[in-house]
Amino acid sequence: MQTCEPRETVGTDGSKDRARVVVLGAGPAGMAAALRLAEAGLRSLVLDQARAPGGQIYRDLDQPQLDAAVMGKDYHRGRSLVGAFLDAARRGEIDYRPGTRVWWIEALDDALNDALDDAHRLGVRGHDGISRELVAERLIIATGAMERGWPFPGWQLPGVMQAGAAQILMKQGALLTEGPPVLAGNGPLLYLLAWQYLNAGCPPRMILDTAPNLGLARTLRHPLRAWRARGYLAKGARMLAALRRAGVPIVRGVQSLAAEGDQRLTGVRYRRRGNSDEHKLKTDWLLTHMGVVPEPQLPQGLGIEHRWQEAQQAFVPDRRDDLSVRPGVWLAGDGGGIGGAVNAEREGRLAALAVLDDLMADLMADPQDTTANAKGAAAPIPDADNRRAVARESAALRRRRRQDLSGRRLLDALFTPPADWVERQSGETLICRCEGVSRAQLKAALGAGPAGPNQLKAFTRCGMGPCQGRLCGTNVSRLMASEQGRDMDEVGYYRIRPPLTSITLGELALAPSDHLTTQSQ
């Protein structure tokens, strides 16, 4: 797609581009934010590592491989959002850069330019493999969520795959496992994938559900939340009914799970809660899921404050009512706490409105700032009436967001992951698959009294592999908190440093030398 360069540069060496508003991510939140900014006449720069917009939830929806009869209406409802975003990009109202990775980010220290007090510098690797530096005056982070790392014996075997990866294969290539898979874990995505496999003509062999057997009791204890979550609950009931009609066995109360095999998966062992009998099942495919968590790397790398949220069993960024996390930075969508695709769109618009209000406030304070947008007109028009209109729209969105999230809290309660799962695993269970670090090795290293996850990483190399700690980070913090008798906020998370994504030595050699000097200090 042909796109225009950011309109200004900063510095005398020409190596730094400058953009008034940068949106990181083109999922539901990022697309909605860019579209709302475009409605106001403000052209944002959208950076996304995927080849097409949509994020994980609406992946490849510009060219869907399977229809709504297989994937469901919730997936295909995103076509209007994806289409509107692509149309706006073609008209030049959005500067959309697919295939782009942000591999470092930091606050801009520019004492000579007050206008850039809240700006940030980003290292951006384009689809051409060349890294450039970009200055973002205002930044909306919409990097979404990822599947929770869920270790158990044998989870590293070929044939064991996370449910999200299996769903990506369906969305990108209409690909299924060769034979009926076993699904294990809990969470809405587990049952959605089972239902999609059923619709595609490959019903799961069995579903092993680890959720506690308290679903109905918890639902009845919160009638208002149940009412607000009635749409989610009704969809779940329809999926369960379809699976039962198809004769898919659902085993509830699963307390332990292990994958068996030498070179690849050959079977699964499991136990149910309150029952010492171990059951075995032959299978070539095991698809697992234990919920999703905010994608940690970029917000953690930026130094944004995070708090442990018990309901979602995850570290979640601290956000204000306008979704800001620090001056000049807003965080929208599931990256700020799991709320689903509809909520992510709503938060994208909220973040955009906050950016517009912030920009209008600056322009009203400095009427001489007449920086033009892509159409050549100052945008948005900075006056009190426009700010009041933005405030009214934001208030209405926040009300709907509160109601929707109230219902989502019921889902958090129904699908809470077992808090002690990692501690219950056997010593040989790999916690860090990238570096082959087991639970026993971590426990031995914890005996030396490391002060935090970073020191434990230095002792064991846990978190130093290709995933950069995404899958093991929270589990390492859990083990440390359990062994040392500390809470999760006290233990914290890995300290994230560049590169935030993989980059080759050749690409690194082409990066701006002043940044490399800064990062090495």
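Definitions and limits used
- Residues numbered from 1 in each chain as written.
- Predicted model: local features only at pLDDT ≥ 70, side-chain atom pairs only at ≥ 80, totals over all residues.
- Heavy atoms only, no water.
- Core = buried A, V, L, I, M, F, W, Y, C linked by side-chain atoms within 4.5 Å.
- Buried < 20%, exposed > 50% of the residue type's maximum accessible area, 1.4 Å probe, protein only.
- Helix = DSSP H or I, 4+ residues; strand = E, 2+ residues; numbered from the N terminus.
- Contact = heavy atoms within 4.5 Å.
- Salt bridge = Lys/Arg side-chain N within 4 Å of Asp/Glu carboxyl O.
- Pairing = 2+ DSSP bridges.
- Axes fitted to C-alpha atoms, helices over the stretch in contact; angles between N-to-C directions.
- Polar contact = N/O pair within 3.5 Å; in protein donor to acceptor, adjacent residues only side chain to side chain.
- Arc of directions from axis to C-beta.

An unreviewed UniProt entry annotates the chain as NAD(P)/FAD-dependent oxidoreductase of Halomonas sp. H10-59.

J.: Is there a simple way to explain the nonpolar core in this structure?
T.: Considering soluble globular proteins, one finds that nonpolar side chains tend to be buried as a cluster. Phe85 and Ile94 are the most contacted members of the largest nonpolar core, which totals 66 residues. For this core, the leading source of residues is helix H11 (residues 341-365), giving 12 residues. Apart from the residues lying within four places of it in its own chain, the contact partners of phenylalanine 85 are Ala26, Met31, Ala34, Leu35, Val46, Pro53, Ile94 and Tyr96.

J.: I would appreciate a short explanation of the pattern of salt bridges in the present structure.
T.: Proximity of charged atoms lets side chains of opposite charge pair with each other. Within the structure shown, the criterion is met by 34 salt bridges. A salt bridge links glutamate 260 to arginine 269, with the nearest nitrogen and oxygen atoms 2.7 Å apart. Across the pair glutamate 347 and arginine 319 runs a salt bridge whose closest N-O atoms are separated by 2.8 Å. In this pair, glutamate 347 is assigned in helix H11 and arginine 319 in the loop between strand S19 (314-317) and strand S20 (324-326), connecting sequence segments 28 residues apart. Taken together, the shared-partner salt bridges connect Arg18, Arg20, Glu137, Arg138, Asp358 and Asp362 into one network.

J.: Mind showing me how you'd approach the sheet that holds strand S15 (residues 278-282) here?
T.: Adjacent strands of a sheet pair through backbone hydrogen bonds, lying either parallel or antiparallel. The antiparallel open sheet is built from 3 strands, whose spatial order is S13-S14-S15. Looking at which strands have only one partner, the edges of the open sheet turn out to be strand S13 (254-261) and S15. This sheet shows a mean twist of 20° between the axes of neighbouring strands, independent of strand direction.

J.: Could you clarify how one ought to interpret the side chain of serine 324 in this entry?
T.: As for its placement among the helices and strands, serine 324 is situated in strand S20. Within the local environment of serine 324, its side chain forms a polar contact with the side chain of aspartate 322, the two groups lying 2.7 Å apart. Look past the residues within four positions of serine 324 in its chain and what remains in contact with it is Asp318, Arg319, Val329 and Trp330.

J.: Is there a simple way to explain helix H13 (residues 439-446) in this structure?
T.: Since there are 3.6 residues in each turn of an α-helix, residues three or four apart along the chain are aligned in direction. Burial in H13 covers these residues: Arg439, Leu442, Ala445 and Leu446. Each buried residue of H13 sits inside an arc of 125° when the element is viewed along its axis, so together they form one side. Tucked into the core, H13 has its buried residues touching strand S22 (430-432), strand S23 (437-438), helix H14 (453-460) and helix H15 (473-484).

J.: Looking at this structure, how should I read the sheet that holds strand S9 (residues 160-162)?
T.: Read across the sheet, 5 strands follow the order S9-S16-S10-S11-S12 without closing on themselves; strand pairing throughout is parallel. The outermost strands of the open sheet, each flanked by one partner alone, are S9 and strand S12 (250-251). Pairing geometry for strand S10 (residues 182-186) and strand S11 (residues 206-209), over 4 bridges, is parallel. What sits directly across from glycine 185, in S11, is aspartate 209. Where helix H6 (residues 188-199) meets the sheet, its contacts fall on S10, S11, S12 and strand S16 (286-290), and the angle it forms with S10 comes to roughly 155°.

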